[in-house]
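Remarks on the overall topology
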Amino acid sequence: MSKKIVVLGAGISGLTAAYWLHKDGFDVRVLDKNSEAGGVMESVFMDGFLFDRGPNSGLETSPLIKQLVDETGLQDQFVYANQKGNKRYILRDNILHPLPMNPLSFLKTKLFSPRAKIRLMTEPFRGRSEDGYYQSIAEFVKRRLGSEFLDYAINPFVAGVYAGKPEDLSVKSAFPKLYALEEKYGGLIVGTIKSIRERKKRAEVSKQSAKMFSFVNGMQSLPKAICSKLGSRVELNSQVTNVAKSNAGYKIIYINSGTEYSLEADVVISAVPAYNTAEIFKFDEGLTEHLLKIYYPPVLVLFLGYKKEDIGQPLDGFGFLIPAKEKKSFLGAIWSSVLFPNRTEDKYAGFTLFIGGARNPDIVNKDKELIFPVVIKEFQEIMKIKGAPEFQTYRYWHKAIPQYNIGYIEHERYFDEFEKKYKGIILSGNYRGGISVGDCVKNSELVFQKVKSLNN
Ligand SMILES: Cc1cc2nc3c(=O)[nH]c(=O)nc-3n(C[C@H](O)[C@H](O)[C@H](O)COP(=O)(O)OP(=O)(O)OC[C@H]3O[C@@H](n4cnc5c(N)ncnc54)[C@H](O)[C@@H]3O)c2cc1C
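Since we're looking at a predicted model, the values are computed, not measured.

As for the pairing of strand β13 (residues 259-265)
One ladder, built from 7 bridges, connects strand β12 (residues 250-256) with β13; its direction is antiparallel. By the bridge assignment, I255 is partnered in β13 with E260. Counted along the chain from β12 to the antiparallel partner β13, the turn is 2 residues long, and its residue S257 has a positive phi close to 50°.

As structure tokens, this is what we get:
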């Protein structure tokens, strides 16, 4: 008899796992408390502007993404980012410097001082470190590449990916591939060269060379299309309040329109954020403790639309990131309408700004409306914009992205043990195995394999 599977959460993690299982003939149901599918992948059209409130793009690091696009009939909607998106800027002394992408531009750039460049070139002679799980990315980069590279490359990069702080994130948990270069090859420069050669042989794509994608109508198109494929198997507006062990397997309690329902399942896949998982699986104190220790900083996403003619800065890139040392009140900006079509009407340009994160979590206590004038003033100075935004909207994420901080491995080990102890429960979602959309899709395949192995 086929197992009954209930997936908690219709974000990209839950939906993709459910999709592979459904395709393989499993009896699967998905419950989500929201009225729409997608979790943080929210795309909204307002006054002619398209605003991605969560992820603006994904990286095609796995063929599974294209497979999902094809199987859900999204081929016409799928778009790769404009080539201009390869150029990324970093702010230093109020000037936007293109991030050097090859050795020659690295030698020429004014983003790093001559001293920092020489320091970086000594990287192959730095020894290996002891333990990456308990080492911050800041410590790792400072030792290998020097403090200026940490401040003006890694610090803004970490803000751009995790909205995080390099001093807190564990290098091995948050950037496993980077740490592996040292672990496997002894250094980053040698490791990068050798791993490119090896990947070429295996025909794999690295994050650095993976193509950036989105959809004509925004990132939410993907979860919405998967949701349509799953049809009535996805139940929205259904808040799960409890999962408990039962004779048959697990009993799931959820509330829909004020009415409480219960369901029996052999397998429960939790793909809700860690802090929600803690509220649902109350029968294991250790699990609750670990889940609640995972830090999700707040992020305020501000979308601004301007007339192109008012913008002095050439719009020829992905956008820019701001190192903490520059002491600005936001983390960076994506030039959304440069990257993808259909974000604005032709005469406008649309920008997505990120505020807060682990660098500046006190935005929690501030009146959001009061934050904007300061951010907009700084943004307009950097971008040489005259005049006010023609359009403005925002989304506040109280708990945005899980931080794989120092010691995260202890949580991961506990989750592995928990799954062994309670056979049939699978903990998934972006707090395991990577936070990017691409990682969530890749992990859904692992979840699928875990369920299949339970069946054997
Ligand atoms: C502002 C922001 C910008 C980002 N930018 C990028 C980017 O550019 N590129 C990229 O690759 N990644 C980006 N990310 C990360 C990426 O988008 C997320 O990690 C990923 O989408 C998370 O998917 P998920 O399914 O694991 O979780 P979520 O999307 O959080 O989905 C979890 C679902 O669980 C549901 N839920 C919660 N509690 C319950 C309950 N009790 N009962 C039922 N349902 C429940 C929620 O309603 C939600 O739908 C960004 C994230 C944020 C927040």
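Here we look at the environment of L188
Along the chain, L188 falls in helix α9 (residues 188-202). Along the primary structure L188 and I280 are separated by 92 residues, whereas in three dimensions their C-alpha atoms are 42 Å apart. Discounting chain neighbours no more than four positions away, the residues touching L188 are E123, F140, R144, L145, L178, L181 and E182.

Quick word on the pattern of salt bridges
Opposite charge on two side chains lets them pair, provided their charged atoms get close. Taken as a whole, this structure holds 22 salt bridges when the rule is applied. The residue R395 makes a salt bridge to E42 at a minimum N-O spacing of 2.9 Å. A residue pair is termed long-range when its members are at least 10 positions apart, and R395 in strand β19 (residues 391-397) and E42 in the loop between β2 (27-31) and β3 (43-46) qualify at 353 residues. As a salt-bridge pair, E198 and K184 come within 3.3 Å of each other at their nearest N and O atoms. Residue E198 is found in helix α9, and its partner K184 is found in helix α8 (residues 176-185); the two are separated by 14 residues along the sequence. Classification of E198 by relative accessible area gives partly exposed; the value is 27%. It is possible to trace a salt-bridge network through shared partners that takes in E123, R143, R144 and E182.

Observations regarding the sheet that holds β12
Reading across from one edge, β11-β12-β13 is the order of the 3 strands in this open sheet, with antiparallel pairing throughout. Both edges of this open sheet fall to β11 (238-245) and β13, since each of them pairs with a single strand only. Within the sheet, the average angular offset between the axes of one strand and its neighbour, ignoring direction, is 25°.

Some points on the site of the ligand
Taken together, 35 residues are adjacent to the ligand, and S13, D32, N430, I435 and V437 come closest. Contact with the protein chains covers 91% of the free accessible surface of the ligand, which is 1,000 Å². Only α1 (12-23), β11, α11 (274-280) and α16 (437-455) provide two or more residues apiece to the shell around the ligand. If one sorts the elements of the shell around the ligand by residue count, β11 sits on top with 3 residues. For the shell around the ligand, the per-class residue count stands at 17 nonpolar, 15 polar and 3 charged.

The rules behind these values
For every chain, the first residue of the written sequence is number 1, and numbering continues from 1 along that sequence. Where totals are concerned, whole chains, interfaces and linings use all residues; where local detail is concerned, this predicted model gives features only for residues with pLDDT of at least 70, and gives and counts side-chain atom pairs only at 80 or more. In computing side-chain values, all of the structure's heavy atoms are included and hydrogens and water are not. Here, strands pair whenever DSSP counts at least two bridges between them. A run of DSSP states H or I qualifies as a helix once it reaches four residues; a run of E qualifies as a strand once it reaches two. Both are numbered from the N-terminal end. In this description, contact between two residues means that some pair of their heavy atoms is separated by no more than 4.5 Å. The working definition used for a salt bridge is a side-chain nitrogen of Lys or Arg within 4 Å of a carboxyl oxygen of Asp or Glu. Per-residue accessibility, obtained with a 1.4 Å probe over protein chains only, is compared with the maximum for each type, and a residue is labelled buried under 20%, exposed over 50%, and partly exposed between these values. A fitted line through C-alpha atoms serves as each axis, taken over the contacting stretch for helices, and the angle formed by two N-to-C directions is quoted from 0 to 180°. In these notes, residues near a molecule or strand are those with any non-hydrogen atom within 4 Å of it. To measure how exposed things are, a 1.4 Å probe is used in the Shrake-Rupley method; for residues, cover is taken only from the protein chains shown. Amino acids are sorted into nonpolar (Ala, Val, Leu, Ile, Met, Phe, Trp, Tyr, Cys and Pro), charged (Asp, Glu, Lys and Arg) and polar (every other residue, Gly among them).

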